[in-house]
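Structure assessment
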Amino acid sequence: GSFFASLQSNLDYYMEVLRVNLKLDIASSVSTNKTRINGVDMSSVLYRNLRAGIALRSGFKGWFNFHAGTKWSLSARGKTEADQHLQNFMDILFVYPGRCDFSIQYEWYFFNENIGNGIASGFLDTSLRYAAVENRLTFFMNGKNLLGRGELRYSSLRELGYMEEIYRLNPRMILLGISIRF
């Protein structure tokens, strides 16, 4: 038969002295899978998954705030195959009193397929908003995929086949806009 076990824990703690929220996340699971063809047991495979993450989010009263962290995961099949993924992110927000705010979002991903041939990708988005006349006239500019990454590929070799995922991304763009309220 099959077997499955899982364990997960989260910690969310506000450090008042630093005005920063700390978030920790950890999880693990183990399962087995038996392959049967025409009533004959062909194989039994053990799957192991680990996931961990840490993030800090500021809660400052001033013009600057941030949210930064990292997430890591490892998936292993049997004794020889393993896939590792790492995601780092940093969001920075500047809010100038009353009229203007600016934010930068940067994410970096690392996919290490079968521990050895890794793929790294970075993404950068920005936004700028200026309220010329409060609650009446606002100008804004959004930049998306500013590093110009065209696609993201992920592939893996499994017991019964090969899987490849291709994500086509929106092209690099800068959007300008005006919001007018009467």
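Residues numbered from 1 in each chain as written. Predicted model: local features only at pLDDT ≥ 70, side-chain atom pairs only at ≥ 80, totals over all residues. Heavy atoms only, no water.

**With respect to the overall build of the protein chain**
Stated formally: Per the convention used, a helix needs a DSSP run of H or I reaching at least four residues, while a strand needs a run of E reaching at least two, with both numbered from the N terminus. What the globule rule says is 2.2 Å times the number of residues to the power 0.38, and the radius of gyration is computed from C-alpha atoms. Each residue gets one of three labels from its accessible area relative to the maximum for its type: buried under 20%, exposed over 50%, partly exposed in between, using a 1.4 Å probe on protein chains only. Two residues form a contact once any of their heavy atoms are found within 4.5 Å. Note that accessible areas follow from Shrake-Rupley with a 1.4 Å probe, and for residues the cover is restricted to the protein chains shown. For the purpose of charge, His is not counted, nor are the chain termini; Lys and Arg are scored as positive and Asp and Glu as negative. Charge coordinates come from a single atom per side chain, which is NZ of Lys, CZ of Arg, CG of Asp or CD of Glu.
Across its full length, the protein chain holds 0 helices and 11 strands. Ordered by position in the sequence, the α and β elements of the protein chain form the string β-β-β-β-β-β-β-β-β-β-β. Against the compact-globule benchmark of 16 Å for 182 residues, the protein chain has a radius of gyration of 23 Å, which places it well outside the compact range. Classification of the 182 residues of the protein chain by burial places 24% in the buried group. Here the analysis covers contacts within the protein chain between residues at least 6 apart in sequence; of these, 44% occur between residues at least 24 apart. Carbon together with sulfur atoms contributes 59% to the accessible area of the protein chain, which is approximately 12600 Å² in total. In the protein chain, 21 side chains carry a positive charge and 16 a negative one; their mean positions are 4 Å apart.

**Here we look at the environment of D83**
Within the secondary structure, D83 sits in strand β5 (residues 81-96). For D83, a relative accessible area of 1% corresponds to the buried category.

**A few points about the packing of aromatic side chains**
What counts here: Aromatic rings from Phe, Tyr and Trp, taking only the six-membered ring of Trp, are treated as a pair when their centres fall within 6.5 Å; an angle between ring planes under 30 degrees marks them as stacked, one over 60 as edge-to-face, and anything in between as tilted.
Per the stated rule, a full pass over the model turns up 9 aromatic pairs. Between the aromatic rings of F60 and F66, the centroid separation amounts to 6.1 Å while the plane-to-plane angle is 55°, which identifies the pairing as tilted. Three or more aromatic residues joined by ring pairs form one cluster here, namely F60, W63, F64, F66, F94, Y96 and F102.

**Quick word on the confidence of the model for the protein chain**
To keep things clear, this is the line we draw: pLDDT measures the predictor's confidence residue by residue and takes values from 0 up to 100.
For the protein chain, the average pLDDT comes to 86, and 90% of its residues sit at 70 or higher. Across the protein chain, strand β11 (residues 173-180) holds the top mean pLDDT of 96, while strand β9 (residues 151-158) sits lowest at 67.

**Brief notes about the environment of N170**
Here N170 lies in the loop between β10 (161-168) and β11. On the basis of relative accessibility, which here comes to 56%, the residue N170 falls in the exposed class. Separated by 25 residues in sequence, N170 and N145 have C-alpha atoms that sit 7.2 Å apart. Leave out the neighbours within four places in its chain, and N170 touches N145 and R149.

**Examining the pairing of β5**
Filter applied, for reference: For two strands to pair, DSSP has to find at least two bridges joining them.
As defined by bridge partners, strand β4 (residues 64-77) adjoins β5 across 14 bridges and the pair is classed as antiparallel. Opposite W72, over in β5, you have L86 as the bridge partner. Between the end of β4 and the start of β5, which pair antiparallel, lie 3 residues, with G78 showing a positive phi angle near 65°.

**Examining the environment of R19**
Inspection of the secondary structure puts R19 in the loop between β1 (3-15) and β2 (20-37). Linking R19 and A120, residues 101 residues apart in sequence, is a C-alpha distance of 32 Å. Aside from chain neighbours lying at most four places away, what touches R19 is Y14, R57, S58, G59, F60 and K61.

**Overview of the side chain of T126**
For T126, the location among the structural elements is in strand β7 (residues 117-133). If sequence neighbours within four positions are ignored, T126 has contacts with F102, S103, I104, M141, N142, G143 and L146.

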